[in-house]
Amino acid sequence: MNALTNLDALSRADRQAQVVRALSAVMPAHTLLYTLEDTVPYECDGLTAYRERPLVVALPETESQVQALLKICHALAVPVVARGAGTGLSGGAMPHKMGVTLSMAKFNQLLKMDPVSRTAVVQCGVRNLAISEAASVHGLYYAPDPSSQIACTIGGNVAENSGGVHCLKYGLTLHNVLKVKGFTIEGDAVTFGSDALDTSGFDLLSVLVGSEGMLAITTEVTVKLVPKPQLARCIMASFDDIRKAGDAVAAVIAAGIIPAGLEMMDKPMTAAVEDFVHAGYDLNAAAILLCESDGTPEEVEEEIGRMSDVLLGSGATAITVSKDEAERLRFWSGRKNAFPASGRISPDYMCMDSTIPRKRLADILLAIAEMEKKYQLRCANVFHAGDGNLHPLILFDANDADQMHRCELFGAEILETSVAMGGTVTGEHGVGIEKLNSMCVQFSTEENAQMFALKKAFDPLGLLNPGKVIPTHNRCAEYGKMLVRGGKISHPDLPRF
């Protein structure tokens, strides 16, 4: 029996009073929020379809406060859900109704910039883009650049192993982080990785990055910085057929070219984006590819030429190469504004996230087109084509229960189809609550049990972000029955670890 079994023995009001009283002994009053009007803003992250009001929101200002809070929550068996900027798209920061939401927003200081070693030490609440802005005076920048980089925090990036449009060449968060410091649920200080290129013992940094707040609370991160390229240019290639565009992606990689960025958008997405930011996209194309090269002027000229030849040979109907930095940024502004552009044409959207082999890009897009007919919902597609990471945006109205139901089924079928095509149910957005059912499709009961065993090694009582990422055996059994009877599972009724 785990620590959460009797969590509801006390009423919510009594439990809240108990937790507030205990935390008030170690934290200033202004750092604790627990009234309805104060906690409602924290009831969801970027996955707004599912919401839960936290028992208490804590906004610590020092590491000692974080440590004291965790010790108290551990002693009282209170769940803790860490939160960065709330930009996550899989519900990873959705609160536990009887737990503490631990907002790390006040940990927003850049502690050290070392241009010689090309590293920066930052607190977990520092914005992704702020690192590059601070490093720019040294001719350096932080490579991972998710579309939410203007707002998302490095701590959230570590939790989700975030990528971005340049992850094909420069890697995900894992490849750009040297060290992470934080605390276990018991309040013990812990360090993952080191300042050196390697560390003794098990590579626990690789375990922590992408663990979605289930293993430890991050407070400080040492990131790698890379030199700004002397030049960057971007190709916008138009295709009159989805399959030609998908095959072109595979052809570029097969030619031994690793672009700085290789992104794809279908016609509905380019139309939405062009109306929003006027990026100069070809609205007649069935799909467009954005292919970027960076490096010295000589390297860029040679690579742009090679990529252009491959794209034309793959059936591109038109190619435009950015003539200056302003045009390059305009091309990318469209891609980075795909999500808000979708929000302008639909009351709600659900952004899915799966990864498939590059050679199956056209297959999955054609399958999604059939699903649009099946579920009678529109879907706009944008994705990191270079590594096969899809981001279909299903457009719906959350106020319509039937549309919400069809959207859930649509999303589940996209993920299941991705697995059937040799892919995975997630790429960079994490599992959170959104993909719990789909984890039952990809992993066996035994594999899920092994993941639970890893969590238990770090968090024996199951207090950190419970009910996320790893589905229980009972949930998978229920999901299997649901598929047979054509019903559904309610996401907010989360299982407990």
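Rules behind the numbers
Residues numbered from 1 in each chain as written. Predicted model: local features only at pLDDT ≥ 70, side-chain atom pairs only at ≥ 80, totals over all residues. Heavy atoms only, no water. Helix = DSSP H or I, 4+ residues; strand = E, 2+ residues; numbered from the N terminus. Buried < 20%, exposed > 50% of the residue type's maximum accessible area, 1.4 Å probe, protein only. Contact = heavy atoms within 4.5 Å. Areas by Shrake-Rupley, 256 points an atom, 1.4 Å probe, with all protein chains shown as cover. Phe/Tyr/Trp six-rings, centres within 6.5 Å; stacked < 30°, edge-to-face > 60°. Salt bridge = Lys/Arg side-chain N within 4 Å of Asp/Glu carboxyl O. Disulfide = S-S within 2.5 Å. Pairing = 2+ DSSP bridges. Axes fitted to C-alpha atoms, helices over the stretch in contact; angles between N-to-C directions. Lys, Arg positive; Asp, Glu negative; His and termini not counted. Polar contact = N/O pair within 3.5 Å; in protein donor to acceptor, adjacent residues only side chain to side chain.

Asker: Just to check I follow, could you spell out the overall build of the protein chain for this structure?
Answerer: Of the regular secondary structure elements, the protein chain holds 17 helices and 19 strands. Looking at the protein chain as a whole, 54% of its 497 residues qualify as buried. Pairs at least 24 residues apart make up 73% of the contacts formed inside the protein chain by residues separated by at least 6 positions. Summing over all exposed atoms, the protein chain offers an accessible surface of approximately 19700 Å²; the carbon and sulfur share of this is 54%.

Asker: How do you make sense of the packing of aromatic side chains when you look at a structure like this?
Answerer: Both the distance between ring centres and the angle between the ring planes are used here to describe each pair of aromatic rings. This structure, assessed with the given rule, holds 4 aromatic pairs. Ring geometry for tyrosine 141 against tyrosine 170: centres 6.3 Å apart, planes inclined by 75 degrees, an arrangement best described as edge-to-face. You can see tyrosine 141 sitting in strand 7 (residues 140-141) and its partner tyrosine 170 sitting in helix 6 (residues 167-170), a full 29 residues away along the chain. Plain terms: the ring middles of phenylalanine 339 and tyrosine 349 are 6.2 Å apart, the flat faces sit at 45 degrees to each other, and that makes the pair tilted. Placement of phenylalanine 339 in helix 12 (residues 338-343) and of tyrosine 349 in strand 16 (residues 348-351) is noted, with a sequence separation of 10 residues between them. For phenylalanine 339, a relative accessible area of 13% corresponds to the buried category.

Asker: Is there a simple way to explain the pattern of salt bridges in this structure?
Answerer: It is possible for side chains bearing opposite charge to pair when their charged atoms get close. In total, this model carries 22 salt bridges according to the counting rule given. Where arginine 344 meets aspartate 275, a salt bridge forms, and the shortest distance between an N and an O atom there is 3.3 Å. Of this pair, arginine 344 sits in the loop between helix 12 and strand 16 while aspartate 275 sits in helix 9 (residues 267-277), and the two are 69 residues apart along the sequence. Judged by its relative accessible area of 45%, arginine 344 falls in the partly exposed class. The partner of arginine 328 in a salt bridge is glutamate 325, and the shortest N-O contact between them spans 2.6 Å. Placement of both arginine 328 and glutamate 325 in helix 11 (residues 325-336) is noted, with a separation of 3 residues, approximately one turn of the helix.

Asker: How should the state of the cysteines be read in this particular structure?
Answerer: On inspection of all chains with the given rule, the structure shows 1 disulfide. Residue cysteine 440 pairs covalently with cysteine 476 via a disulfide, S to S 2.2 Å. The S-S bond linking cysteine 440 to cysteine 476 shows a torsion near -85 degrees; that makes this disulfide left-handed. In this pair, cysteine 440 is assigned in helix 15 (residues 436-442) and cysteine 476 in helix 17 (residues 473-485), connecting sequence segments 36 residues apart. The same class applies to cysteine 440 as to cysteine 476, namely buried. Here cysteine 167 is not cross-linked by a disulfide; its sulfur's nearest cysteine counterpart is in cysteine 152, at 13 Å.

Asker: Just checking my understanding: could you explain the sheet that holds strand 6 (residues 119-123) for this structure?
Answerer: What holds strands together in a sheet is hydrogen bonding between their backbones, with the strands either parallel or antiparallel. Overall, antiparallel pairing links the 5 strands, which are arranged 5-6-10-8-9 in an open sheet. Each end of this open sheet is capped by a strand with a single partner; those strands are strand 5 (110-114) and strand 9 (189-193). Averaged over all adjacent pairs, the angle separating strand axes in this sheet is 10 degrees, with direction ignored. In this sheet, strand 9 lies alongside strand 8 (residues 177-183) in antiparallel orientation, the contact comprising 5 bridges. Directly across from lysine 179, in strand 9, lies its bridge partner glycine 193.

Asker: Even after reading the chapter, I still don't get unusual backbone geometry, so can you show me in this structure?
Answerer: Note: most residues except glycine have negative phi, and most peptide bonds are trans. Although it is not a glycine, arginine 118 sits at a positive phi angle of roughly 55 degrees. In this structure, arginine 118 sits in the loop between strand 5 and strand 6. What makes arginine 118 partly exposed here is its relative accessible area of 41%. Phi at glutamate 212 is positive, roughly 55 degrees, even though this residue is not glycine. Mapping glutamate 212 onto the fold places it in the loop between helix 7 (204-208) and strand 10 (217-224). Given the relative accessible area of 7%, glutamate 212 is considered buried.

Asker: Whenever I open this one, the pairing of strand 6 confuses me. Can you help?
Answerer: Put simply, side chains in a regular strand alternate between the two faces of the sheet. Counting buried positions over the 5 residues of strand 6 gives 5, a clear majority of the element. Residues of strand 6 alternate between two faces, with Thr119, Val121 and Gln123 on one and Ala120 and Val122 on the opposite face, all of them buried. Sheet topology places strand 5 next to strand 6; 4 bridges connect them, and they run antiparallel. The partner of leucine 110 across the bridge, within strand 6, is valine 122.

Asker: Which parts of the structure should I look at to understand the side chain of arginine 475?
Answerer: With respect to the helices, strands and loops of the structure, arginine 475 is situated in helix 17. Summary of buried charges: arginine 475 has no salt-bridge partner, and the nearest side chain of opposite charge, glutamate 478, is 5.9 Å away. Side-chain polar atoms of arginine 475 contact the side chain of asparagine 437, separated by 2.9 Å.

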